[in-house]
Amino acid sequence: MTLKYRNLLALVCLLLIGAFLFVGCGTNTSTDSNDTTLCLPSDQTGSAQEAVTKATLDAFEGLKVTFEGISPRCGVVLDNSECSEQIRTSVTYKTDKQFYANQETVTVTATLSQQAKNSFTLKNDTMTYEVTNMPAYYSASSTVPTTLIESELHDFVTAEIARMGSTNKLFGIGGQSSSWHYEKVESVTSSKGYLLTVKDTKINSPNTTFYNSLRIVAKCHAYTRENNTSYPGDIYVCFILNDVVVSPNGEISWENNSFDITYTSKLSDNTVANDSVYSLADNYNIQETAKTDWITITPS
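Residues numbered from 1 in each chain as written. Predicted model: local features only at pLDDT ≥ 70, side-chain atom pairs only at ≥ 80, totals over all residues. Heavy atoms only, no water.

## Remarks on the overall build of the protein chain
Now for step 1: Secondary structure summary: the protein chain contains four helices and 18 strands in total.
Now for step 2: Considering only intrachain contacts with a sequence separation of at least 6, the fraction spanning at least 24 residues in the protein chain is 62%.
Now for step 3: When the accessible area of the protein chain is evaluated, it comes to approximately 18100 Å², of which 50% is carbon and sulfur surface. (Helix = DSSP H or I, 4+ residues; strand = E, 2+ residues; numbered from the N terminus. Contact = heavy atoms within 4.5 Å. Areas by Shrake-Rupley, 256 points an atom, 1.4 Å probe, with all protein chains shown as cover.)

What follows is the structure, given as structure tokens:
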């Protein structure tokens, strides 16, 4: 064989060996982010090439998820104090929104730090939790008994009537001296109830000091005495309960468990409703309650 052909044959052999080595090492084209393989050169004994794989972390193992607040404004508390140190230093969490109502689903997303991504993958990057058994703001659709409200309102009005003799006033209205005063109440009867709930766009407004408010308009038929003469007449009153809440076991409570009497009028129940209810329409959604007989008193 001539020198020319021997050189050509050697060149072909070298090309074949190079192609074999290139195919053996190859390039990892897998799109699976949980498994990264590195090609290592064989050792002198010809052992198989080794694969290096990222470790998997369970970001939700040990994570405590609890809720606080009042539905539909329950917040989520994420506590990773019982997670492993590796998870605490490598993983952050976020929820899909800020506030939730009972029976809503919370989605928690876990994210690896940029540095941790070089060594770890996550078993799951999301987990869902349901909000249950949280106190809830009273709503027009609430079906809980309102017996407590009726009972407390009855006691409140009865006490106001009892104070009439010493204050010369009834629900804030009355004369400044004994020559003009209320002397007798014949009846107190509610005519309408309204539920005000803050609008979503107004929750953080300085003009919204409560989340919800139950406002009960009532007519009080009473007699006044002026210069030894008795006169019959009507007073229209609005009784106010702010931040009415229903507990998980169905009990109702409200701010300070007391009533405010902010608006009174001698004109009509509509006048009181306009002043005490509809004047707040810019910041609150307003619904009339199906119940109207919140109170009926006929003192003896």
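From this point, the narrative continues.
## Describing the nonpolar core
Now for step 1: Ranked by internal contacts, the top residues of the largest apolar core, which has 31 residues, are Val157, Leu170 and Phe239.
Now for step 2: Where this core is concerned, the elements lending two or more residues are α3 (147-167), β11 (180-198), β12 (212-226) and β13 (229-242).
Now for step 3: When residues of this core are assigned to their parent elements, the largest contribution, six residues, is made by α3.
Now for step 4: Other than its neighbours up to four places away in sequence, Leu170 contacts Glu160, Ile161, Met164, Tyr182, Val185, Cys220, Ala222 and Ile235.
Now for step 5: Counting 20 residues, the second-largest nonpolar core is a separate cluster that includes Phe60, Cys83, Leu112 and Ala116. (Core = buried A, V, L, I, M, F, W, Y, C linked by side-chain atoms within 4.5 Å. Buried < 20%, exposed > 50% of the residue type's maximum accessible area, 1.4 Å probe, protein only.)

## A few points about the sheet that holds strand β4 (residues 91-95)
Now for step 1: Read from one edge of the open sheet, three strands run β4-β5-β7, paired in antiparallel fashion. Of all the strands in the sheet, the pair left with one neighbour each is β4 and β7 (126-130). Here the average twist between neighbouring strands, direction ignored, is 25 degrees.
Now for step 2: Both β4 and strand β5 (residues 105-112) contribute to a ladder of five bridges, which runs antiparallel. Residue pairing for β5: Lys94 is matched across the bridge by Thr109. (Pairing = 2+ DSSP bridges. Axes fitted to C-alpha atoms, helices over the stretch in contact; angles between N-to-C directions.)

## Some thoughts on the pattern of salt bridges
Now for step 1: Tallied over the full model, the rule gives five salt bridges.
Now for step 2: With a shortest N-O distance of 3.2 Å, Asp293 and Lys291 are connected by a salt bridge.
Now for step 3: Bridged by salt links that share partners, the residues Glu150, Lys291 and Asp293 form one connected network. (Salt bridge = Lys/Arg side-chain N within 4 Å of Asp/Glu carboxyl O.)

## Things to note about the sheet that holds strand β8 (residues 136-137)
Now for step 1: Pairing within the open sheet is antiparallel, and its three strands lie in the order β8-β14-β15. The sheet is open, and its two borders are formed by β8 and β15 (252-253), each paired with just one other strand.
Now for step 2: Where β8 and strand β14 (residues 245-246) come together, two bridges link them in antiparallel fashion. Looking across to β14, one finds that Tyr137 is bridged to Val245.

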